[in-house]
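# Fold and contact review
Chain residues, written in single-letter form:
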Amino acid sequence: MSTFRALLVEKTDDGYRRSIVQRNLDELPDGDVLIEVRYSSLNYKDALSATGNPGVTRNFPHTPGIDAAGVVVESRTDAFKPGDDVVVIGFDLGMNTPGGFGERIRVPAGWVVPLPRGLSLEESMVLGTAGFTAALCVHKLEAAGTTPDSGPVLVTGATGGVGSVAVMLLAKLGYEVAAVTGKESQHDFLRRIGAARILSREEARAGADRPLGKETWGGAVDTVGGEILFNGVKQLRYGCSLAACGLVDSPAIPATVLPFILRNVNLLGVDSVQLPLAQKAEIWQKLAGPWHLPELAALRVDLTLDTVSDAIDRILAGQMVGRGVLVHGA
Ligand SMILES: NC(=O)c1ccc[n+]([C@@H]2O[C@H](COP(=O)([O-])OP(=O)(O)OC[C@H]3O[C@@H](n4cnc5c(N)ncnc54)[C@H](OP(=O)(O)O)[C@@H]3O)[C@@H](O)[C@H]2O)c1
């Protein structure tokens, strides 16, 4: 098949227009591996790409989609052969390289991870970059010494993609999870996926004017940044850690050094995009093995190329719950 369907974002005089188009394989960039994309997923970053955020995408027309799972069609390297099931997340996929919102991608072999045994293509995209990042946060917290005995773990933006997988994974691993959400209607959902406690965003911001908060959290996964992030740091127990991966509220944090020099706490940076492939493969192996989440279906919201555009608007408005999975050919 030399043509395929894709969501195309074009720059116009009024802004950015999205449409579904037929593309030719020869419009894809040169690369080692041509992949038939069976599933992609919707991340906050895809919405930024689709609306022309220059920190994500500069070259238009463009097909977003930072995640893709599918089957190798052609390979120039011995590492992959036609028919292999593979996953691609991060690097430049969906940023300035045509991404998973098209039925085909062509990428360097260094971006491609063989689908680990124990995980289906579909499950890999219910996780996608968001779920992978949640796992990377937990991995970094544990590497810094966090255990279920450290105390309750705070998860912010809890109904979102990263947040919801973090809640589920931490609960599975025996942590007591305190979920921060702005969605009162989703408290039952959060309890179902493992939250033991629920805080409103206002509660998470309370006391932001004080230099230190009450030592409460044994760890934290923050997806929102801003005041909520640093309040989390100020409320960590002595020696505990917060993993920071997101900025949906704000990239700026109102910080002092006090929690670091008085309570020995750690602020851990988390990036899944440029994480070296070997470390990516290690996290995928965990998600396919000891961290496998059979209950992932509870997070899944199915999307098609025809419905993904509406979902882009919902995620920008902070209204998505769980993980949007784009099913190609549906
Ligand atoms: N570092 C990395 O490698 C990496 C990888 C993936 C994602 N990220 C980042 O992580 C963040 C979350 O991504 P995602 O895909 O999970 O997005 P998402 O699905 O939109 O989830 C974000 C959640 O944050 C909450 N929220 C929205 N606006 C807020 C505000 N103004 N203040 C406080 N909370 C707010 C909402 O949850 P509630 O309604 O439940 O509060 C929302 O569902 C994004 O900033 C994304 O760019 C980073």
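Residues numbered from 1 in each chain as written. Predicted model: local features only at pLDDT ≥ 70, side-chain atom pairs only at ≥ 80, totals over all residues.

### As for the domain arrangement of the protein chain
How big an interface is tends to be expressed through the accessible area that disappears when the partners come together. When the domains of the protein chain are assigned, the result is domain 1 (3-115 + 296-327) and domain 2 (128-269). Facing the 14 residues of domain 1 at the interface are 16 residues of domain 2. Residue classes in the side of domain 1 that touches domain 2 are distributed as 7 nonpolar, 5 polar and 2 charged. (Domains from an automatic or database assignment. Contact = placed C-beta atoms within 7 Å. Nonpolar A, V, L, I, M, F, W, Y, C, P; charged D, E, K, R; others polar.)

### Some words on the site of the ligand
Taken together, 32 residues lie around the ligand, and Gly-157, Gly-160, Thr-181, Gly-246 and Gly-318 are the ones closest in. Broken down by secondary-structure element, the contributors of at least two residues to the shell around the ligand are helix H1 (44-50), helix H2 (121-143) and helix H3 (161-172). Here the residues of the shell around the ligand sort into 13 nonpolar, 14 polar and 5 charged. Mapped onto the domain boundaries, the shell around the ligand takes at least three residues apiece from domain 1 (3-115 + 296-327) and domain 2 (128-269). (Near = placed C-beta within 6 Å. Helix = DSSP H or I, 4+ residues; strand = E, 2+ residues; numbered from the N terminus.)

### Thoughts on the nonpolar core
One finds Val-88, Val-155, Ala-166 and Val-167 to be the most contacted residues of the largest nonpolar core, which totals 93 residues. Two domains share this core, each providing at least three of its residues, namely domain 1 (3-115 + 296-327) and domain 2 (128-269). (Core = buried A, V, L, I, M, F, W, Y, C linked by C-beta atoms within 7 Å. Buried ≥ 20, exposed ≤ 12 C-beta atoms within 10 Å, placed from the backbone.)

### Notes on the environment of Ala-47
Looking at the secondary structure, you find Ala-47 in helix H1. By the C-beta count within 10 Å, which is 21 here, Ala-47 ends up buried. In the structure, Ala-47 is positioned 262 residues away from Ser-309 in sequence and 8.9 Å away in space, judged by C-alpha atoms. In contact with Ala-47, other than residues within four places in its own chain, are Ile-312, Ile-315 and Leu-316.

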